[in-house]
Amino acid sequence: MEKTVNQKAWFLVLPVLLLVAFSAVIPLMTVVNYSVQDTFGNNQFFWAGLEWFEEMLASERMWDALGRQLLFSLIILAIEVPLGIFVALNMPKSGFWSSLCLVLMSLPLLIPWNVVGTIWQIFGRVDIGLLGYTLDALGINYNYTQDTLAAWITIVVMDVWHWTSLVALLAFAGLKSIPDAYYQAAKIDQASRWKVFRYIELPKMAGVLMIAVLLRFMDSFMIYTEPFVVTGGGPGNATTMLSIDLVKMALGQFDLGPAAAFSLMYFLVILLVSWVFYTVMTTLEKRET
Amino acid sequence: MADTSVNRSTTRGMRLPKVNSRAVVMTLYLMFLLLPIYWLLNMSLKTNTEILNSFTLWPRDLTFANYATILSDPAWYMGYVNSLIYVVMNTVISLAVALPAAYAFSRYHFMGDKHLFFWLLTNRMAPPAVFALPFFQLYSSVGLFDTHIAVALAHCLFNVPLAVWILEGFMRGVPKEIDETAYIDGYGFGRFFVKIFMPLIASGIGVAAFFCFMFSWVELLLSRTLTTVDAKPISAIMTRTQGASGIDWGVLAAAGILTIVPGALVIYFVRNYIAKGFALGRV
């Protein structure tokens, strides 16, 4: 659609601007403020410069958390994206069954995150959970509160359970936008199933898949509630993701300076990656139109 | 590449089970999704003795006592009321400010519009963990700590950008000629927007409202940090089912099931738009 230039449109945007400024800019400035100051209590603050940033960059704790976080995000992306596409390809295209699938698949997305944690915490317990009990009966030693590998598998499976439907729903929306004529042309050319996927379906889904990857990256990178409920970051620090570590530092130990420096770097990493995705996304959009 | 006859025979051999394989894949996937939820439901209908002492696939001793506990104890059900209050407040605020802004983004070019649009999205990317402490201090200093409005405003951080993006996506689909005709007919902006434009994007408003509702409903970290007693959400109350005698599993499960209900009730109405909503209006 052709847009007209109208500077008065700023007035329409103003309420959003004020509200978001109040709920985002002020808190963010507080964080910036803390990150360059030191305090000895009594609300007395001293200029500390970049000291906290240097300390955080040198701290093994942050790098370890970052490493775990990256590993987690990569694993769930590597599972959820292909699985989501696969499920979308197998979904009924229209009618009652399609609606039923859409509704049932959306269910995990609407469950409060701590309840998601609770569900899997219960489900994986050896004494009362179906999964834990079954694994135990099969003779597999599974205990997510003590075994690092079991804890990781539990939170990865939980995330796959929670969010694969999102990828599938987006991919499905992309698939539905493909005109029938494309498939008929492919049939006339006797294209194989793989080629139909590779040259018709995948390019048409590229845009929505980009969004799916962006969302999944962002959200998995700030995951807090679900692993916190299930493992509490343990055993040891094995599943302590960036957010869990940050909350521990800021609200638990009240180390304001380091926590603030940590926050800013954390936010910047997400911004940077998301900006790259966003740029790719908008260029893809432009090329299509 | 391969011999065509071989190709054809394999496709013919594949054809019959192919119809079924779709159903098998979907059944398996849906089972994977529904089993954990079923297990929670199953537990919520059992007594604690049955949960702990015997392993049963369905409740042998069907009881609604766990639900009765929650629905009769103010300490429990006020959690749902608190959650609902701030979620509704948040939805109303988000939509009220997002509607005009989305209209501006979908219709006009103005100075810095693209930067502003991306900046809004960055707030959706902000980890709540980063904001937990500053929010706590901000709302304490203005005397809003432990009120519903504090949580509602805090959730605006990610819901306002979301609402703007979704609504903008829907508004782009409305032809501009409608606006122009209305202005020629003598409608002012306010009257045009409420009487003509809003009914046209009613489904978009519904979807945006649904998503604001949902994301505010599922969030725990901020709502827990900003409340202690008066505005404490159900999700925070749930984390404290551990009593002296261990965890009350039945009540915990029942509380969990009750938090799923609101989403499950309305999901049917937005099923065709849910992908669009999650994609921030970009599908």
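You'll find chain B entered in an unreviewed UniProt entry as Carbohydrate ABC transporter membrane protein 2, CUT1 family, with Antarctobacter heliothermus given as the organism. As recorded by UniProt, the Sequence similarities (unreviewed entry) comment attached to chain B reads in full: "Belongs to the binding-protein-dependent transport system permease family."

In the nomenclature of an unreviewed UniProt entry, chain A corresponds to Carbohydrate ABC transporter membrane protein 1, CUT1 family from the organism Antarctobacter heliothermus. Per UniProt, chain A carries the Subcellular location (unreviewed entry) text "Cell membrane". The record in UniProt for chain A states the following under Sequence similarities (unreviewed entry): "Belongs to the binding-protein-dependent transport system permease family."

Asker: Can you walk me through the UniProt feature "transmembrane region" (unreviewed entry) in chain B in this structure?
Answerer: Residue and element names in this part refer to chain B. On the UniProt side, "transmembrane region" (unreviewed entry) is annotated at positions that read residues 21-41, 84-105, 117-136, 148-171, 192-218 and 249-270 here. The span residues 21-41 is 100% helix and 0% strand, and its two end C-alpha atoms sit 29 Å from each other. Regarding residues 84-105, the helix share stands at 100% and the strand share at 0%, and the terminal C-alpha atoms are separated by 30 Å.

Asker: Would you explain the UniProt feature "domain: ABC transmembrane type-1" (unreviewed entry) in chain A in this entry?
Answerer: Look at the UniProt record and you will see "domain: ABC transmembrane type-1" (unreviewed entry) annotated at residues 66-277 of chain A. In residues 66-277 of chain A, helix accounts for 76% and strand for 0%; the two terminal C-alpha atoms are 20 Å from one another.

Asker: Would you explain the environment of A:M105 in this entry?
Answerer: Considering the arrangement of structural elements, one finds A:M105 in helix α4 (residues 96-106). When the C-alpha positions of A:M105 and A:L12 are compared, they lie 37 Å apart, and in sequence the two are 93 residues distant.

Asker: What should I look at first to understand the packing of aromatic side chains in this one?
Answerer: Pairs of aromatic rings are described using the distance from one ring centre to the other and the angle between the two planes. Residue and element names in this part refer to chain A. Tallied over the entire structure, the rule returns 39 aromatic pairs over all chains. On the numbers, 6.2 Å between centres and 50° between planes, the contact of F221 with Y266 is tilted. With F221 in helix α9 (residues 193-221) and Y266 in helix α12 (residues 256-288), the pair connects residues that are 45 residues apart, well separated along the chain. Here F221 falls in the buried class, since its relative accessible area comes to 0%. For Y266, a relative accessible area of 3% corresponds to the buried category.

Asker: Help me understand the domain arrangement of chain B, please; the structure alone is not making it clear to me.
Answerer: Size of an interface, as often reported, equals the accessible area lost when the parts are brought together. Residue and element names in this part refer to chain B. Domain boundaries assigned for chain B yield domain 1 (18-63) and domain 2 (72-280). If you average the C-alpha positions of domain 1 and of domain 2, the two centres end up 31 Å apart. Summed over both partners, the interface of domain 1 with domain 2 buries about 650 Å², with 78% contributed by carbon and sulfur atoms. When the buried surface of domain 1 facing domain 2 is broken down by residue, L40, S44 and N48 rank first, second and third, together holding 55% of it. At the junction of domain 1 with domain 2, the criterion picks out zero salt bridges. Joining domain 1 to domain 2, the criterion identifies three residue pairs in polar contact (both at pLDDT 80 or more). Contributing elements (two or more residues each) for the side of domain 1 that touches domain 2: α1 (4-44) and α2 (48-53). The element contributing the most residues to the side of domain 1 that touches domain 2 is α1, with five residues.

Here is what the cut-offs are and how they apply
Think of each chain on its own: its residues are numbered from 1, step by step along the sequence as written. Throughout, the order in which chains and ligands are written sets their labels, letters from A for the former and numbers from 1 for the latter. It should be noted that, the model being predicted, local features are given only for residues of pLDDT at least 70 and side-chain atom pairs only at 80 or more, the latter also being counted only at that level, while totals for whole chains, interfaces and linings use all residues. With hydrogens and water stripped out, all remaining heavy atoms of the structure feed into the side-chain values. UniProt positions are given in the numbering used here, feature names are shortened, and annotations may be inferred rather than shown by experiment. Secondary structure counts use DSSP, requiring at least four H or I residues in a row for a helix and at least two E residues in a row for a strand, with both numbered from the N terminus. Paired rings are identified among Phe, Tyr and Trp, the last through its six-membered ring, by centres lying within 6.5 Å, and are further divided according to the angle between planes into stacked (under 30 degrees), edge-to-face (over 60) and tilted (the rest). Only protein chains enter the accessibility calculation, which uses a 1.4 Å probe; a residue whose area is less than 20% of its type maximum is buried, one above 50% is exposed, and one in between is partly exposed. By convention here, the domain bounds are inherited from an automatic or database domain assignment. The term buried area refers to how much accessible surface (probe radius 1.4 Å) is lost by two components on association, counted for both of them together. The salt bridge definition used is simple: a Lys or Arg side-chain nitrogen within 4 Å of an Asp or Glu carboxyl oxygen. Any pair of nitrogen or oxygen atoms within 3.5 Å is treated as a polar contact; in protein, a donor-acceptor pairing is required on top of that, and neighbouring residues in sequence qualify only through side-chain atoms on both sides.

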